[in-house]
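# Coordinate analysis (summary)
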Amino acid sequence: MEQIIGSEQASDIIDVTVQNFMEEVIEASKQKAVIVQFWAPWCGPCKQLGPVLEKVAGEKKNIRLARVNIDENQEIAAQMRVQSVPTVFGLVEGRPVDAFAGAQPESAVRQFVDKLSEMAPGSPDISAFLEAGRQALMDNQPEQAMHQFQSAMAQLPESLEALSGLVRTLVLMGEVEQARDVLDQLDPEKCQQAEMREAVSAVEIAEKGAGSASEIDALRKKLADTPEDHQLHLDLAVALFSASEQAEAMHILLDSIKIDASWQDGAARTQLLEFFTALGPAHPDVIKARRKLSTYLFS
C-alpha cells in the first residue's frame with residue numbers, strides 16, 4: 001500500500017539570545033508559530049522536557065522551536081516574566097497565545113503543539129472538508145468521505161482529524177488491513193490522541209468482527225431461537241457493526257442490556273460504548289442509542 005503518512009521531518013530548532021530574539025522569535029512568528037523554551041543547564045525537568053519538545057515540534061513544518069538559556073539571557077526572561085524553568089510560550093503573529101510551566105508528558109506537549117500548529121500563520125482552514133467528510137460517513141457514502149478527507153490532508157498533512165476520518169472511511173469500505181497499516185505507521189503517542197480514538201476503535205471492532213459478516217444470517221436465526229443468549233447478542237452485534245449495520249448492531253446490544261445489564265460484568269454495555277467511540281458522539285444513531293441506554297440503566 002502506498003504510504004499515506006509522510007515520514008519527512010522539517011525541524012526548525014534554534015538557540016536564541018538577546019541579540020537575535022526580535023528577529024528569530026518575534027518577526028519569525030509572523031511566518032510560522034514559534035515555541036519559546038526557557039531552560040537552564042542546572043534544571044533537571046528541563047532535561048526531561050527538552051527532548052520531548054524537540055521531537056514533537058520537529059514534526060511540524062509550521063513550527064519553530066526557539067531555546068533560551070536564562071542564565072545567559074536574563075533580560076529576555078525578565079521581559080517574558082519567567083519565574084521558573086522550564087517555561088514554554090507559544091507565539092503567533094508576535095504575541096503569546098499559549099504557555100505552560102514545568103515538565104509535561106508527551107501527550108500534553110503534543111496537544112500544545114497541535115493547537116499552536118493550527119493557529120500558525122498561513123495554516124489552511126480545512127473545517128469544511130472535515131465536516132463534509134463526517135457527514136458522508138454518517139450517510140454511508142465512503143467514496144465521498146474519502147475525497148473530503150484526502151482533500152483535507154492535502155491542505156494540512158499533519159491533521160489528525162483528517163487522518164482519523166480517512167482511517168474510518170477505509171474501515172467502512174472494508175479495507176481493514178489498509179486502515180491498520182495507516183495506524184501502524186503512526187507514532188504510538190498519536191494513536192492515543194483524542195482525535196484518533198474514533199479511528200482506533202473502528203479498526204479494532206472491524207478486526208474483532210473480521211470474517212463474521214457471512215455468519216450474520218446464521219447468528220440472527222440462533223438468536224431468534226435463544227433470545228436470552230447474551231453471547232449471541234454480542235457476536236451478532238460485532239458482526240453487524242463490521243458490516244456497516246451500525247444501528248442494528250447497537251439495537252442488538254441494547255436488547256441484551258435490557259434483559260440483563262450485568263451479564264459478564266456489563267460486557268454488552270462495554271461493547272456498546274466502543275461502538276459509540278468508533279462512530280463519534282455526534283452520530284445520530286449514537287445519540288438515539290445513548291438515550292435508550294440511559295433509560296435501561298436508570299429507569
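Check the entry above for the structure.
Within every chain, residues take consecutive numbers counted from 1 along the sequence as written. Given that the model is predicted, a residue must reach a pLDDT of at least 70 before its local features are reported, and side-chain atom pairs must reach 80 or more before they are shown or counted; all residues, however, enter totals for whole chains, interfaces and linings. The side-chain numbers reported here are obtained from all heavy atoms of the structure, hydrogens and water having been left aside.

## Overview of the sheet that holds strand β3 (residues 63-69)
DSSP calls a pair of strands paired once it identifies at least 2 bridges connecting them. Numbering of helices and strands starts at the N terminus; helices are DSSP runs of H or I of at least 4 residues and strands are runs of E of at least 2. The sheet built from five strands is open, its strands ordered β1-β3-β2-β4-β5 with mixed pairing. The open sheet has two free edges, formed respectively by β1 (13-15) and β5 (95-101), since each of these has just one partner strand. Within the sheet, the average angular offset between the axes of one strand and its neighbour, ignoring direction, is 20°. Alignment of β1 against β3, held across three bridges, turns out to be parallel. Following the sheet pairing, I14 is matched in β3 by A66. Contacts between residues were defined by any pair of non-hydrogen atoms, one from each residue, lying within 4.5 Å. Note on definitions: angles span 0 to 180 degrees between N-to-C directions of axes, and those axes are lines fitted to C-alpha atoms, for helices only across the stretch in contact. Against the sheet, helix α2 (residues 44-57) makes contact with β1, β2 (33-39), β3, β4 (87-92) and β5, and its axis sits at roughly 165° relative to β2, the strand it touches most.

## Here's the deal with the state of the cysteines
Cysteine sulfur atoms that pair up within 2.5 Å are treated as a disulfide. Summed over the entire model, instances satisfying the criterion amount to one disulfide. Here C43 connects covalently by a disulfide to C46, the sulfurs 2.4 Å from one another. Looking along the S-S bond of the C43-C46 disulfide, the torsion reads about 85°, which is the right-handed sense. The residues C43 and C46 share a single accessibility class, namely buried. Only protein chains enter the accessibility calculation, which uses a 1.4 Å probe; a residue whose area is less than 20% of its type maximum is buried, one above 50% is exposed, and one in between is partly exposed.

## Things to note about the packing of α2 against helix α4 (residues 106-119)
Two elements in contact, α2 and α4, have axes separated by 10 Å at closest approach and are oriented at 45°. Here α2 lies oblique to α4, going by the angle between them. Here α2 and α4 pass one another in a crossing that is right-handed. Mapping the contact onto sequence places L49, V52, L53, K55, V56 and A57 in α2 and E106, V109, R110 and V113 in α4. Residues of the contact of α2 with α4, tallied by class, amount to seven nonpolar, no polar and three charged. Oblique is the label for any angle not under 35 degrees, not over 145, and not in the 65 to 115 range, which are roughly parallel, roughly antiparallel and roughly perpendicular in turn. With the far helix as reference, a near helix turned anticlockwise by less than a right angle produces a left-handed crossing, and one turned clockwise produces a right-handed crossing. In this classification, Asp, Glu, Lys and Arg are treated as charged, Ala, Val, Leu, Ile, Met, Phe, Trp, Tyr, Cys and Pro as nonpolar, and every other residue, Gly included, as polar.

## Here we look at helix α10 (residues 197-208)
Residue count minus one, scaled by 1.5 Å, sets the expected span of a helix. For α10, spanning 12 residues, the distance from its first C-alpha to its last is 16 Å, which sits close to the expected 16 Å at 1.5 Å a residue. Turning to α10, its buried residues number three or more, namely A199, V200, S201, A202, V203, I205 and A206. Tucked inside the fold, the buried residues of α10 contact α7 (160-172), α8 (176-185), α9 (188-191), α12 (230-242) and α14 (267-279).

## What to know about the packing of helix α13 (residues 246-259) against α14
Two elements in contact, α13 and α14, have axes whose closest approach is 9 Å; the angle formed by their N-to-C orientations is 155°. The pairing of α13 with α14 is recorded here as roughly antiparallel in orientation. Remark: the crossing between α13 and α14 carries left-handed chirality. The residues of α14 that touch α13, namely those facing Q246, A249, M250, L253, L254, S256 and I257, are A268, R269, Q271, L272, F275, F276 and L279. In terms of residue class, the contact of α13 with α14 is made up of 10 nonpolar, three polar and one charged.

## Observations regarding the side chain of N73
Its location among the elements puts N73 in the loop between β3 and α3 (74-79). Residue contacts for N73: discarding those within four places in its chain leaves V16, T17, V18 and V68.

## As for unusual backbone geometry
Cis geometry is found at the peptide bond from V85 to P86, where omega equals 0°. Take P86: it is sitting in the loop between α3 and β4. One non-glycine residue, R81, adopts positive backbone phi at about 55°. With respect to the secondary-structure elements, R81 resides in the loop between α3 and β4. Here N140, not a glycine, exhibits a phi torsion of approximately 60°, which is positive. Along the chain, N140 turns up in the loop between α5 (127-138) and α6 (142-155).

## Describing the nonpolar core
Ranked by internal contacts, the top residues of the largest apolar core, which has 56 residues, are L272 and F275. The contacts of F275, once residues within four sequence positions are left out, are I205, A237, V238, F241, A249, M250 and L253. To qualify as a nonpolar core, a set must consist of buried Ala, Val, Leu, Ile, Met, Phe, Trp, Tyr and Cys residues joined through side-chain atoms within 4.5 Å. Among the nonpolar cores identified, the runner-up in size contains 21 residues, and V25, F38, C46 and A77 belong to it.

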